[in-house]
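Close look at the chain arrangement
So you can see what is in the structure, the chains are spelled out below.
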2 protein chains.
Amino acid sequence: MEIKAEAKKMKQSAPVLAASTIEQRNQALDFIATALEQNKAEIFEANKKDMEYAESKQIAQSIQKRLKYDENKLRDSISGVLELKELSDPIGKVLMHRQLDDGLILKKISVPIGVIGVIFEARPDAMVQVASLCIKSGNCAILKGGKETANTNRVLFEIIKNAVIKAGLPEQCLLQAEQHNEIDELLKCDSDVDLLIPRGSNQFVRYIMENTKIPVMGHSSGICHIYVDKDANREEALTVILDAKKNYPAACNAVETLLIHRDIATEFLPLLAAMFTEENVKVNGTAEVQKLMAMEVGIMQEEEFAMEYNDMEISIKLVSDVNEAIQHINYFGSHHTDCIVTENDETAEFFVQMIDSAGVYHNCSTRFADGFRYGFGAEVGISTGKLHARGPVGLDGLVTYKYVLQGKGHIVGDYSSGKRKFKHKDL
Amino acid sequence: MEIKAEAKKMKQSAPVLAASTIEQRNQALDFIATALEQNKAEIFEANKKDMEYAESKQIAQSIQKRLKYDENKLRDSISGVLELKELSDPIGKVLMHRQLDDGLILKKISVPIGVIGVIFEARPDAMVQVASLCIKSGNCAILKGGKETANTNRVLFEIIKNAVIKAGLPEQCLLQAEQHNEIDELLKCDSDVDLLIPRGSNQFVRYIMENTKIPVMGHSSGICHIYVDKDANREEALTVILDAKKNYPAACNAVETLLIHRDIATEFLPLLAAMFTEENVKVNGTAEVQKLMAMEVGIMQEEEFAMEYNDMEISIKLVSDVNEAIQHINYFGSHHTDCIVTENDETAEFFVQMIDSAGVYHNCSTRFADGFRYGFGAEVGISTGKLHARGPVGLDGLVTYKYVLQGKGHIVGDYSSGKRKFKHKDL
């Protein structure tokens, strides 16, 4: 397929999709939900092929679990699409309404971004979720899923695309890329693609960020910290740390580094050692950490602290106070999600103010950094960039705005000459 | 100066400036205003040197006008700073306040972007305006002004920096770059600089956009259109067109291309020809335009329509209907500001919906695309990008947000296991 030519056509269709009514877009979601249920035999058949291939290639069981698309996952996909339908229309919102002068009215109105390229990991539910989010927000989408679920993706994409066309939306609004080399072609479409959202390994996301002029939203790493202050509730700290590491170690919002206040180290590190030994968490840390933990501790140098394990492994360092913790996190962190555990509200407030991350938490697990948990209904990814959208990105992150100015022959010359004056009155 | 090392120090100071109170930041603006008045003799003396140099280099009079900094311009600068002081604090706003569960409270809070690099044209008032906007919004700034006003800039920068320090803000929050080669150094500071705002020639802005990994906000070109519909009020169309071209031809929001409905061409083009002849506007257009205008018309080929003159010169083309106008504008335009002149509200509504630009206007001059005219108090530039900020960018475009989550030892495991359920209640 010629991605470049297709993207150009899509760009022309983008204003048509943007002009569609919320009823049409919601109907498309309805049709998607129905069609998924009606065509489930075909979907499962395709998924069986992907699973057999994965089996033959001896792909790790943990990954095979993600590739599998069964009744349970289909049900979750369908209910996800129907929940999305219930959310209010993110486009056409009047964000500002101002009279500049008599008969000269300015409105700032939310509109879709236009054409979005989403490259996502091999998970069939991701295809359904990403396509639905783009349709709901009126964005055209080029979708490229992981190759390990190529058969399932192809069937799902056809089902979704047919449903969308049936609802009267433009045929060009969805496009599937299937070949890996098409990604490189997509990266060059900077005149027609408005935004890229890559998901997957750090290395892959970094590759995308470094090889395109298209704006990229996402995160290449998730180096999350928990700082255990001297005024921390010890029990609470242990519970939060264990959840943040163990609940899903491969997730970007799992904790990677613990910073422990030196004043409580002799008391707290033995408790940590006992817990990590029992839970089979591998520990790395500085020499002083090693001395205080009755377990094997890999010795780390200062410059090694920007480490993302994505596994049952963790870094530990002692700090003298909250200031040193803040400096460490702002320097070594990836500005994703960082937490303080303390009973001292003043210290917590200072930490929250000074940490330069998308999420700053007090006394709770970093694993809460997620669009569903925040109540966004769905998420297209998590951004560690500071522009446009930061943190979990839901429908609101998929829109921009335009300024609409309505006049009656108004000219700027009348204001430069002083003949007329602006009124600037919000309506 | 070592820009890279300085930017790193600045990054460390950014959270301190972000934590400053609005009283401190407003006091800094007060001190700036007072110090400008008190040190005006020194400022004018420095500007005299710049003007003498410009004179000796025979720089065009129109540019010399921009370099000059006199009592009038100083007064405008001071009143601009004091008006900025009156605007509400853009940071610390609670944009979302949601109970995720009992005792688990999520807030989305506006915060400064962090470290911003602004590269601006040789205009002393720009130095004052840009520095003040960054201070008001709590952002650290690296400022590089045009070399033609180097002496004036140096004096202004010192005055501003001293005022900011006097108000108790961190010393590192402002930095001036003076050498052109420091721009290239700045472009490499992607780990410490969060945003670049380049202003100046198309070529320069494009160079910045293509040579850095730092997000860039701005516009490289302003190819604005006016479409004169068959249902246009002819008089109004002429008035709006003249203002959009003549009010300030070098501005990015000046009109560059006219699209005229073919049905009114035989009647309207002669009116245009008379006006453009009188006003000395050079005209280029298609062969059919040439035939209908009793004046010299340079012949244009279709592919030449992405033309930005920045001068008393304009392109003209005939179109069959609003659809063709929309297609032309979305294809050849720079998504800056485009206008329809028509008395038909239905046609206007369709145009406004379908044009993919930061500003879409009906019956008024494209020259209104400006932060002051929109009532933003000040602007740092105009963005033709779709992400983060679009159109004229004021204080709101200089902030991002962070999510603050406050818990009592909450863990995600309790929700995965079904032990607890999210409440997602907006507060």
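Residues numbered from 1 in each chain as written. Chains lettered and ligands numbered in written order. Predicted model: local features only at pLDDT ≥ 70, side-chain atom pairs only at ≥ 80, totals over all residues. Heavy atoms only, no water.

**Some points on the relation of the copies chain A and chain B**
Once chain A has been moved 0.0 Å along the axis and rotated by 180°, it coincides with chain B to within an RMSD of 0.0 Å. With respect to symmetry, the two chain copies, as superposed, fit the operation of a two-fold axis. Residues of chain A ranked by C-alpha distance from the rotation axis are headed by H388 of chain A, positioned 1.8 Å from it. Interface overlap between copies is the fraction of interface residues in one copy that are interface residues in the other; for chain A against chain B it reaches 100%, indicating a shared surface. (Least-squares fit on C-alpha atoms with pLDDT ≥ 70 in both. Contact = heavy atoms within 4.5 Å.)

**Some remarks on the interface of chain A and chain B**
The interface is formed by 73 residues belonging to chain A together with 73 residues belonging to chain B. At the boundary of chain A with chain B, total buried surface from both sides reaches about 5900 Å², with 58% on carbon and sulfur atoms. Along the contact surface separating chain A from chain B lie 6 salt bridges. Among the ionic pairs, D194 of chain B bridges to K386 of chain A, the shortest N-O distance being 3.4 Å. For the interface between chain A and chain B, the tally reads 51 residue pairs in polar contact (both at pLDDT 80 or more). It is strand β16 (residues 399-410) of chain A that provides the largest number of residues to the side of chain A that touches chain B, a total of 11 residues. In terms of residue class, the side of chain A that touches chain B is made up of 36 nonpolar, 23 polar and 14 charged. Of the pairings in the sheet, the one linking strand β13 (residues 359-364) of chain A to strand β16 (residues 399-410) of chain B comprises 5 bridges and is parallel in character. Bridge pairing in β16 of chain B links G359 of chain A to Y403 of chain B. (Buried area = accessible area lost by both parts, 1.4 Å probe. Salt bridge = Lys/Arg side-chain N within 4 Å of Asp/Glu carboxyl O. Polar contact = N/O pair within 3.5 Å; in protein donor to acceptor, adjacent residues only side chain to side chain. Helix = DSSP H or I, 4+ residues; strand = E, 2+ residues; numbered from the N terminus. Nonpolar A, V, L, I, M, F, W, Y, C, P; charged D, E, K, R; others polar. Pairing = 2+ DSSP bridges.)

**Some thoughts on unusual backbone geometry**
Despite not being glycine, N310 of chain A shows a phi value in the positive range, around 55°. Residue N310 of chain A is classed as partly exposed on the basis of its relative accessible area, which comes to 28%. (Buried < 20%, exposed > 50% of the residue type's maximum accessible area, 1.4 Å probe, protein only.)

**Remarks on the nonpolar core**
Counting residues in hydrophobic clusters, the biggest one holds 116 residues, and the most contacted among them are L272, F276, M293 and I316 of chain A. Take this core: its biggest share by element is 8 residues, from helix α6 (residues 124-136) of chain A. Discounting residues that sit within four places of it in the chain, L272 of chain A has contacts with L238, I241, L258, I260, M293 and I316 of chain A. Counting residues in hydrophobic clusters, the runner-up holds 115 residues, among them Y415 of chain A together with I113, F276 and M295 of chain B. (Core = buried A, V, L, I, M, F, W, Y, C linked by side-chain atoms within 4.5 Å.)

**Some thoughts on the packing of helix α13 (residues 322-332) of chain A against helix α14 (residues 345-354) of chain A**
Residue and element names in this part refer to chain A. At a minimum axis separation of 10 Å, α13 and α14 run at an interaxial angle of 25°. By the criterion of interaxial angle, the relationship of α13 to α14 is roughly parallel. Crossing hand, α13 versus α14: right-handed. Across the interface between the two elements, V322, N323, I326, I329 and N330 from α13 touch T347, F350, F351 and M354 from α14. Classifying every residue of the contact of α13 with α14 by side-chain character gives 6 nonpolar, 3 polar and no charged. (Axes fitted to C-alpha atoms, helices over the stretch in contact; angles between N-to-C directions. Parallel < 35°, antiparallel > 145°, perpendicular 65-115°, else oblique. Left-handed = near helix turned anticlockwise from the far one by under 90°.)

**Describing the sheet that holds strand β7 (residues 224-228) of chain A**
Across the sheet, 11 strands lie side by side as β10(A)-β9(A)-β11(A)-β8(A)-β7(A)-β12(A)-β13(A)-β16(B)-β2(B)-β1(B)-β17(B); this open sheet has mixed pairing. Looking at which strands have only one partner, the edges of the open sheet turn out to be β10 (297-299) of chain A together with β17 (425-426) of chain B. The sheet contact formed by β7 of chain A and strand β8 (residues 255-261) of chain A spans 5 bridges and is parallel. Note on β8 of chain A: the bridge partner recorded for C224 of chain A is V255 of chain A.

**Quick word on the confidence of the model for chain A**
In this model, chain A carries an average pLDDT of 95, and 100% of its residues clear a pLDDT of 70 or more. The ipTM assigned to the predicted complex is 0.94, against a pTM of 0.93. (pLDDT = per-residue confidence, 0-100.)

**Section: the sheet that holds strand β5 (residues 174-176) of chain B**
Residues and elements named next belong to chain B. Reading across from one edge, β5-β4-β3-β6 is the order of the 4 strands in this open sheet, with parallel pairing throughout. Only two strands of the sheet have a single neighbouring strand rather than two, namely β5 and β6 (195-198). Direction aside, neighbouring strands of the sheet carry axes that sit 15° apart on average. Where strand β4 (residues 140-144) meets β5, 3 bridges bridge the pair, whose relative direction is parallel. Paired with A141 across the strands is L174, a residue of β5. Set on the sheet, helix α7 (residues 150-166) makes contact with β4 and β5; between it and β5 the angle comes to about 165°. Relative to β6, helix α9 (residues 202-210) is tilted by about 165°, and along the sheet it contacts β3 (115-119) and β6.

**Remarks on the pattern of salt bridges**
Note on pairing: side chains with opposite charge can pair once their charged atoms come close. Residue and element names in this part refer to chain A. Under the defined criterion, the tally for this structure stands at 56 salt bridges over all chains. The residue E178 makes a salt bridge to R154 at a minimum N-O spacing of 2.8 Å. Note that E178 is positioned in the loop between β5 (174-176) and α8 (181-187) and R154 in helix α7 (residues 150-166), a separation of 24 residues in sequence. According to the relative accessible area criterion, E178 is partly exposed, its value standing at 32%.

**Looking at helix α11 (residues 265-278) of chain B**
Residue and element names in this part refer to chain B. Taking 1.5 Å of rise per residue, the 14 residues of α11 would be expected to cover 20 Å, and the 19 Å separating its terminal C-alpha atoms lies within 8% of that figure. Regarding α11, the residues found buried are A265, F268, L269, L272, A273, M275 and F276. Contacts from the buried residues of α11 go to β7 (224-228), α10 (234-246), β8 (255-261), β9 (282-285), α12 (287-292) and β11 (313-319). Where α11 ends, the next residue or the one after it, N280, has phi of about 60°, a positive value. (Expected span 1.5 Å × (residues − 1).)

**Examining the packing of aromatic side chains**
Scanning all chains against the criterion turns up 20 aromatic pairs over all chains. An angle of 50° between the planes, with centres 6.1 Å apart, marks the rings of F376 of chain A and Y403 of chain B as tilted. With F376 of chain A in the loop between β13 and β14 (381-383) and Y403 of chain B in strand β16, this pair bridges two chains. The residues F376 of chain A and Y403 of chain B share a single accessibility class, namely buried. For the pair Y374 of chain B and F376 of chain B, a centre-to-centre distance of 5.7 Å together with 80° between the ring planes defines the contact as edge-to-face. With respect to burial, Y374 of chain B and F376 of chain B carry one shared label: buried. Among the aromatic side chains, those forming a connected cluster through ring pairs are Y374 and F376 of chain A together with Y401 and Y403 of chain B. One cation-aromatic arrangement involves K108 of chain B over Y401 of chain B; the distance from NZ or CZ to the ring centre is 4.3 Å. Across the ring face of F305 of chain B, the terminal group of K317 of chain B is positioned such that the distance to the ring centre comes to 5.6 Å. (Phe/Tyr/Trp six-rings, centres within 6.5 Å; stacked < 30°, edge-to-face > 60°. Lys NZ or Arg CZ within 6 Å of the ring centre and 35° of its normal.)

**Brief notes about the packing of helix α3 (residues 40-56) of chain B against α7 of chain B**
Residues and elements named next belong to chain B. The geometry of α3 relative to α7 is characterised by a closest axis approach of 7 Å and an angle of 160° between their N-to-C directions. Between α3 and α7, the interaxial angle falls into the category roughly antiparallel. Along the contact surface, α3 presents E42, I43, A46, N47, K49 and D50, while α7 presents A150, N151, T152, V155, L156 and I159. Of the residues belonging to the contact of α3 with α7, the class tally is 6 nonpolar, 3 polar and 3 charged.

**As for the environment of K166 of chain B**
Among the structural elements, K166 of chain B can be located in helix α7. Taking C-alpha positions, K166 of chain B is 21 Å from V115 of chain B, a pair spaced 51 residues apart along the chain.

**Describing the environment of I226 of chain B**
All names here are of chain B. Counting through the fold element by element, I226 comes out in strand β7. Overall, I226 belongs to the buried group, its relative accessible area being 0%. Distance from I226 to R206, taken between C-alpha atoms, is 25 Å for residues 20 residues apart in sequence. In this structure I226 touches V240, I241, A244, V255, T257, L258, L259, C339, V341 and T366, once residues within four positions along its chain are discounted.

**Some remarks on the pairing of strand β13 (residues 359-364) of chain B**
All names here are of chain B. Counting buried residues in β13 gives 6 out of 6 residues, a clear majority hidden from the surface. Of the pairings in the sheet, the one linking strand β12 (residues 337-341) to β13 comprises 4 bridges and is parallel in character. When the sheet's bridge partners are listed, D338 is paired in β13 with V360. As for the winding sense of the linkage, the β-α-β connection from β12 through helix α14 (residues 345-354) to β13 is right-handed. (Right-handed = clockwise from strand over helix to strand, strands pointing away.)

**Examining the environment of Q38 of chain B**
Counting through the fold element by element, Q38 of chain B comes out in helix α2 (residues 22-38). Separated by 94 residues in sequence, Q38 of chain B and S132 of chain B have C-alpha atoms that sit 17 Å apart.

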